[in-house]
Amino acid sequence: MPSRSEMARKRGIEEAKTLKDQPAYDEKLTKKAAKKAAKKQADEMKVFFEEQEQLENRAREAFMKFDLDESMTVDIVEFRSMLEEMGVLDDVEDDDRQKLVDETFAHFDSDNNKTLDFNEFSRAYNRFVSYRDQLEASKGKSDDLEKRVAAMGPMLDTSVFAARKRSSESAAYFDSNELIEKAFKTDWKRVESSPSFAEFCENAKLGAVKKKKLELNKEGKELKKAMNENYAVLNRLFSFFSAYAADGAMHGMDESEFIEFASAAGFYQGAFDPANPVFGAMDLKGVFAQVNAEVEAPEGAKVSKKKAAENAANEDDVMLRFEFIHCIIRMASLFPRGEGVHTLSAQAADFLKYLMRNVDAKIPPQLIDRNIFRRDRLYNAGVLDTLLKYQKQIRILYSLCVGPDFNPITLAEFNWFMHRLDIFDDRKTRRLTPREIHLMFTWSQTQVSDEIKARDDADSLAFDEFLEVICRLADVKDLPTADDLREHDFRHTVDALDSAVERLNDGEEPLIARRKSSDFWGMDVKHERTLSERIDAFLDYAFAMINPDCGSILLGTFDQRAFVSAAEAEYLTLYGKELPA
């Protein structure tokens, strides 16, 4: 009987052929946009590898300097000299210095042979250069969070995520407050230009249309202020629920996702009751239709290219972000007014408090705010070190997805890749479903201010975003540890999951119990392992799915040549070309 990885490979190749043959395969990207995206991606990758080469050269110079006996290895005495010169031991008590040296040396001595070869040394050296720069960056900062974020900068500037600072609209490693404010202004401008919103404002006495332009009065401006104050959270909720349906559109919220949002927010309980602050399905559908309806230009009327492009991007059955803001305002106007509430802006404030309270009780904050994962789990030395160590193998995985054109990865390609690795799980096994995969795809992207202008970016992943989605998958994919593999004599994580599926099918419990720390929807998940450890396990699984005979990262038996050879053969089968170097 063929192995699970072999069956996944055959299925993946057939699915890939079907995917590439579909006329709509690249419908999200026009030819011009695709060419531009591919060039941008290639340029970013070129800069990325140039930067990594510079880091390697810097480490090699240090390696030659501290390899005093010219043995082409660094022993613990030479390693201590490096730490002393870099100032790592300056603040350590004399009695504790050798203990720190011993522990640190052992951490980087991955083969336990009491010496560091160049690869082991370079990891250590670059880690301590980043550590030194972090300390320098954090000086003078008063707020703890501000200090943490500021300290990350130098470390990230020389990491596998360095391209993010150059290519993201926020020009930073996080979605900045300034970018969110810019997004609000862009969205609000579109809201105000909507004829249905102008009519709503006139009826609600929030403003009037003068010379074809809506002018808000004092009350209208107060409403705008209330929406601006809550926009950051509304923006995140829109992103979250837009990705909620596994087969939904990436760039907007369809009706079923809107109903899901309303249910989570406490506004939909199946039937409409005017006495309660909830809405029935028909009321929600009515609001959705009102907001999403486009006013067609009269026949023969001239339409600007910009407006035509916006109309083409704004589908009638999908609500865009600015329409979601409009929708929230209409829902707020239907919300029962509390005692002493006489204005729509105050009514909207009560509505938003009610909304946030319900959402906070049902959805973990890390699932709404993509910056939380980046700050608390992703951006740290251990993760960056692991990604750097396996960057070439990860790039091979990326190449298998995108092929020779090297466009950013579309959702269709990413879903194919997930099927190729057999990532999707049955609920009774490891509980990672298409919905969760879709959400992680969305969260790994960086924020854009103009959802229509940057629509192509919203439907695809650049390489730095691919790295992030790998890490997000690793954090929730329930995989065994090295000790688990040794205890049950498994070759790698694929063997362990194969065993779990077989035992469940036979009505037995898996040999390795599921860990609560892998609970995707957990409100208070306590992580038992570092993210770098989980990435090791995920890559162990991914590489073994490409070639089950390439050994195991976790067990120290990984054979890079066997992995690359299998990937090259598969790439040739998929694309008829050799895998790029």
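Above this text is the structure in question.
Residues numbered from 1 in each chain as written. Predicted model: local features only at pLDDT ≥ 70, side-chain atom pairs only at ≥ 80, totals over all residues. Heavy atoms only, no water.

Engineer: Describe in detail the pattern of salt bridges, supporting the description with residues and values.
Structural biologist: Per the stated rule, a full pass over the model turns up 20 salt bridges. Note that Arg435 and Glu260 form a salt bridge whose closest N and O atoms lie 3.9 Å from each other. Within this pair, whereas Arg435 is found in helix 21 (residues 434–443), its partner Glu260 is found in helix 12 (residues 255–264), the two being separated by 175 residues in sequence. The partly exposed category is assigned to Glu260, whose relative accessible area is 33%. A salt bridge links Arg375 to Asp376; the nearest nitrogen and oxygen atoms lie 2.9 Å apart. Its relative accessible area of 38% is what places Asp376 among the partly exposed residues. Salt bridges sharing partners connect three or more residues here, namely Arg164, Asp175, Arg370, Arg374, Asp464, Glu468 and Arg472. (Salt bridge = Lys/Arg side-chain N within 4 Å of Asp/Glu carboxyl O. Helix = DSSP H or I, 4+ residues; strand = E, 2+ residues; numbered from the N terminus. Buried < 20%, exposed > 50% of the residue type's maximum accessible area, 1.4 Å probe, protein only.)

Engineer: With reference to specific residues and values, describe the packing of aromatic side chains.
Structural biologist: Under the definition given, this model contains 29 aromatic pairs. Consider the rings of Phe543 and Phe563, whose centres lie 4.6 Å apart with planes at 45°: the pair is tilted. One end of the pair, Phe543, is in helix 26 (residues 531–546); the other, Phe563, is in helix 27 (residues 560–575), with 20 residues separating them in the sequence. Note on Phe543: relative accessible area 0%, which makes it buried. Classification of Phe563 by relative accessible area gives buried; the value is 0%. Taking 6.1 Å as the distance between ring centres and 50° as the angle between the ring planes, the aromatic pair formed by Phe558 and Phe563 counts as tilted. Taken together through their ring pairs, the aromatic side chains of Phe238, Phe240, Phe241, Phe258, Phe261, Phe288, Phe324 and Trp443 make up a single cluster. The side chain of Arg60 reaches across the aromatic face of Phe118, ending 3.9 Å from its centre. Over the ring of Tyr541 we find Lys477; its NZ or CZ atom is 5.6 Å from the centre of that ring. (Phe/Tyr/Trp six-rings, centres within 6.5 Å; stacked < 30°, edge-to-face > 60°. Lys NZ or Arg CZ within 6 Å of the ring centre and 35° of its normal.)

Engineer: Before we move on, could you go through the packing of helix 19 (residues 391–402) against helix 20 (residues 411–420) and cite the residues and values that matter?
Structural biologist: At a minimum axis distance of 9 Å, the contact between helix 19 and helix 20 shows a crossing angle of 120°. In terms of orientation, helix 19 and helix 20 fall into the oblique class. For the pair helix 19 and helix 20, the sense of crossing is right-handed. In contact with Leu397, Leu400, Cys401 and Val402 of helix 19, helix 20 contributes Glu413, Trp416 and Phe417. A class-by-class count of the residues in the contact of helix 19 with helix 20 yields six nonpolar, no polar and one charged. (Axes fitted to C-alpha atoms, helices over the stretch in contact; angles between N-to-C directions. Parallel < 35°, antiparallel > 145°, perpendicular 65-115°, else oblique. Left-handed = near helix turned anticlockwise from the far one by under 90°. Contact = heavy atoms within 4.5 Å. Nonpolar A, V, L, I, M, F, W, Y, C, P; charged D, E, K, R; others polar.)

Engineer: Pulling in residues and values, what's your account of the packing of helix 18 (residues 381–389) against helix 26?
Structural biologist: Contact geometry for helix 18 and helix 26: axes closest at 8 Å, N-to-C directions at 25°. Judged on the interaxial angle alone, helix 26 and helix 18 are roughly parallel. Contacts from Gly382, Val383, Thr386 and Leu387 in helix 18 reach Leu531, Ser532, Ile535 and Asp536 in helix 26.

Engineer: Which residues make up the pairing of strand 2 (residues 213–216), and what are the values?
Structural biologist: Residues of strand 2 alternate between two faces, with Leu214 and Leu216 buried on one and Lys213 and Glu215 left unburied on the opposite face. Both strand 1 (residues 207–210) and strand 2 contribute to a ladder of four bridges, which runs antiparallel. From the neighbouring strand, Lys210 faces strand 2, where its bridge partner is Lys213. (Pairing = 2+ DSSP bridges.)

Engineer: Summarise the nonpolar core; cite the residues concerned and give the values.
Structural biologist: Within soluble globular proteins, side chains that are nonpolar tend to cluster in buried spots. Counting residues in hydrophobic clusters, the biggest one holds 133 residues, and the most contacted among them are Met227, Leu355, Phe414 and Phe466. By residue number, the principal contributor to this core is helix 26, which donates 11 residues. Residues in contact with Leu355, not counting those within four places in the same chain, are Leu237, Phe261, Ala265, Phe267 and Ile328. Judged by nonpolar contacts, the second largest core, of 21 residues, contains Phe105, Ala124, Phe128 and Val129. (Core = buried A, V, L, I, M, F, W, Y, C linked by side-chain atoms within 4.5 Å.)

Engineer: Give me the lowdown on the environment of Phe414, citing residues and values where you can.
Structural biologist: Tracing the sequence through the fold places Phe414 in helix 20. Overall, the relative accessible area of 0% leaves Phe414 in the buried class. Considering only alpha carbons, one finds Phe414 and Val402, 12 residues apart in sequence, at a separation of 9.0 Å. Not counting chain neighbours up to four residues away, the residues in contact with Phe414 comprise Ile409, Ile437, Phe441, Leu461, Phe466, Val469 and Leu473.

Engineer: Please set out helix 20 residue by residue, giving values where relevant.
Structural biologist: Since the α-helix advances by 3.6 residues per turn, residues separated by three or four positions end up pointing in the same direction. Within helix 20, seven of the 10 residues are buried, leaving the element largely enclosed by the surrounding structure. Among all positions of helix 20, only Leu411, Glu413, Phe414, Trp416, Phe417, Met418 and Arg420 are buried. Asp422 sits one or two residues past helix 20 and shows a positive phi near 55°.

None of the figures reported here should be taken as evidence of function without further support.
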